[in-house]
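A look at the structure
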Amino acid sequence: MEKNDKKTALSVKNLIKYFYDPQTFQVIKGVSFDVEKGEFLSIVGKSGSGKSTLLYVLSTMDTDYEGSLAINGKQLTGANQNQLAAFRNEHIGFVFQFHYLLPEFTALQNVMLPAMKLGKLSPGEVEQKAYDSLKLLDLPDQAMKKTSKLSGGQQQRVAIARALINSPSIIMGDEPTGNLDSKNSQAVQEIFHNLTREFGQTIICVTHDPDFAENTDRTIEMADGLILS
Amino acid sequence: MSKNFKNTSINRQIASIHLTAKIWQTVVAVLGVTFGVSMYIFMNSFMNGVNSAQDSLAFSTLGHVRVYNDDHTNPYDPAKVIASSENTILHLRNKKAIQYTEGIKNTSQIISILEKRPEVTGIAPQLNFSVFFRSGSKKLNGTISGVDVEGEDRLFGIGDKVVSGEWEDLSFQKTGIVLGKVLAEKLSVGIDDPVNVLTSDGNSRNFTVVGTVETSVRAADASKAYVNIASARQIEGENYDYTSDIQINIRDRNATEAFIREIDAAIPYQTESWQTANQQLVAASELRNIIAMAVSLTILLVAGFGIYNIMNMTINEKIKEIAILKAMGFSGKDVRNIFLMQAFIIGIIGGLTGLLLGFGISSLVHRIPFRIAGFDTLPIVYQSIDFILAVVFGIVTTILAGYLPSRKASRIDPVVIIRG
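Scope of this entry: the structure provided in the associated data block. (Residues numbered from 1 in each chain as written. Chains lettered and ligands numbered in written order. Predicted model: local features only at pLDDT ≥ 70, side-chain atom pairs only at ≥ 80, totals over all residues. Heavy atoms only, no water.)

1. Remarks on the pattern of salt bridges
For the coordinates displayed, the defined rule picks out 11 salt bridges over all chains. Notably, a salt bridge pairs Lys117 of chain A with Asp334 of chain B, separated by 2.5 Å at the nearest N-O pair. Within this pair, whereas Lys117 of chain A is found in helix α3 (residues 107-118), its partner Asp334 of chain B is found in helix α14 (residues 332-365), the two belonging to separate chains. Of the two residues, Lys117 of chain A and Asp334 of chain B, neither departs from the other in class, the shared state being buried. Of the charged contacts, one joins Arg66 of chain B and Glu272 of chain B as a salt bridge, the two residues approaching to 3.4 Å between their closest N and O atoms. You can see Arg66 of chain B sitting in strand β1 (residues 65-68) and its partner Glu272 of chain B sitting in strand β10 (residues 270-273), a full 206 residues away along the chain. Each of Arg66, Asp245 and Glu272 of chain B takes part in one network of salt bridges that share partners. (Salt bridge = Lys/Arg side-chain N within 4 Å of Asp/Glu carboxyl O. Helix = DSSP H or I, 4+ residues; strand = E, 2+ residues; numbered from the N terminus. Buried < 20%, exposed > 50% of the residue type's maximum accessible area, 1.4 Å probe, protein only.)

Structure (structure tokens):
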């Protein structure tokens, strides 16, 4: 699978994307870049610069674009929705501005979901692993609570634990600290750093926060659908 | 295989958490199906009860198939054969129809043909004719049924309807007569009292009352009497093998058509099924079945809309969760299955509780007193096919109602929802 450059985690070539509603508008105007394995990358830019749109193309959820996208050397442009869903399940973890946890499930169940879907481990092993990742995020006491009963910072950390459960090669974040106070935001950044250093995971985050961007290995700045730097 | 299994199990887990999280919503959805299914069972069992009560009313005097001799079936007109040319002027004076044959002269031969058929469960020869009943100065007209005492009882259970005296007395007391209860009251006679019978041919004979009978048809009770068939033949001056009707019961009373087709060639008389003789009965029971079907399916339809609504609401509520499930790698098919599974579980639970409730309602209704025309309580007849169909309809309705919302859920685009 990874026959190309072993160090490249993600590669986009000449990416172009249009919005058609309310009128045809080119959001991304030909973007190309590579992300290395273990790199902590941030994408910054003003509102409407196309940075979030770019992230959703990279996430494989948005398939309506021109150009090509490869993750871990695997060409994903042109794959069908089911293949992409299976790929996301195994290789990509998501952290969003809002936690998007399932409120009726316990923290532990939320974290277990992607691994149960992947089905590579037995439910017992998945549970152990989920518990371990909650521990890593300092949440072992909250495992059996419904996520609707947790604080905002705790919810975001559960969401991160969920993103980590399948040991994805890439973690993508859309304003992962956007809804957190500075203390919790600091904690999340800390966690991300540890992940890249200790586990060699690649992280791509869209952010507004200049402090957050400062703390990353590389920052891509976008304006009007193009990369500035 | 194992991967598929695990997918199903996680989908099932999500579905069951959805169902239990808002338990009242689930209960309301289940109750919709429960009521639909139970009404289906109750309506159909009740209609079955009414139909079979109606039928047994009809079959208290009528066999499934009747053999008789109808002398109006021969269109033969000798005058037309002789003078077939159009140029011939034909003048007939005082034209009269001749009665060639009346009744069935060779009853035992017909019965022996019928007895060989395996589907025949009972045969009762009858000799029916109209008479005047006389007692003192009272004179009432009515009909006499000369019957095979044992056969009549086997076919119509007439012995159970005798309210005073003994039915069996007819078989050895050749001058015995069993009168309709109302007829006996009108003649003011009781057991062992004499009754004079006068036929249309002017024959008169005295009988002794050995019993009175009360059927559920008042008109019959006021005009009908039973005597031994041998006495009936005597008073009518007919031979020992003469009958006017042969009533036949067969195993499946709905299969009369096929039975008639098979015996028609072997029997030189007319045959008539109960359906032909009582088309109003058949029509009424068909109509009742249609009403039962329409009412219960309407209830199921309403339940279906309720489920559709609840599922749609749930999906709108959980649209972000669905988006995140898809982002995490659940396919559209997984999402659809999660919601279809919920519909299916609602259908199964609703179907089974509806089964019990339907049975409960029916057995309660079966105890409600209803003392008209031979009923004691409201009639209920259970048929396993009604129970099976009720559950099948219940589950099918739920799945159909759940399908559209599930499909909608499976098509949710996570990008649109998550980006807001």
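That shown, we press on.
2. Considerations on unusual backbone geometry
Residue Ser167 of chain A is not a glycine yet carries a positive backbone phi of 45°. Mapped onto the fold, Ser167 of chain A is located in the loop between α5 (152-164) and β7 (170-174). Take Ser167 of chain A: its relative accessible area is 46%, and that puts it in the partly exposed class. In this structure, Ser188 of chain B is a non-glycine residue whose phi angle is positive, near 45°. Considering the arrangement of structural elements, one finds Ser188 of chain B in the loop between α7 (181-186) and β6 (194-199). In this structure Ser188 of chain B comes out as exposed when scored by relative accessible area, which is 61%.

3. Notes on the nonpolar core
Membership of the largest hydrophobic core comes to 105 residues, with the highest contact counts inside it found for Leu10, Phe33, Leu58, Phe96, Phe192 and Ile204 of chain A together with Ile418 of chain B. In terms of residue count, α3 of chain A provides more of this core than any other element does, 7 residues in total. Leave out the neighbours within four places in its chain, and Leu58 of chain A touches Leu10, Val12, Phe33, Leu69, Ile71, Ile92, Met172 and Ile204 of chain A. Membership of the second largest hydrophobic core comes to 21 residues, among which are Leu127, Ala184, Ala225 and Ala232 of chain B. (Core = buried A, V, L, I, M, F, W, Y, C linked by side-chain atoms within 4.5 Å. Contact = heavy atoms within 4.5 Å.)

4. Points about the environment of Arg261 of chain B
Among the structural elements, Arg261 of chain B can be located in helix α10 (residues 256-264). On a C-alpha basis, the gap between Arg261 of chain B and Thr271 of chain B in space is 9.5 Å, while along the polypeptide they are 10 residues apart.

5. Some thoughts on the packing of α14 of chain B against helix α15 (residues 384-410) of chain B
All names here are of chain B. Where α14 contacts α15, the axes come no closer than 8 Å and their chain directions differ by 155°. With respect to α15, the element α14 is oriented roughly antiparallel. Crossing hand, α14 versus α15: right-handed. Residues that form the contact of α14 with α15 fall into these classes: 15 nonpolar, 7 polar and 2 charged. (Axes fitted to C-alpha atoms, helices over the stretch in contact; angles between N-to-C directions. Parallel < 35°, antiparallel > 145°, perpendicular 65-115°, else oblique. Left-handed = near helix turned anticlockwise from the far one by under 90°. Nonpolar A, V, L, I, M, F, W, Y, C, P; charged D, E, K, R; others polar.)

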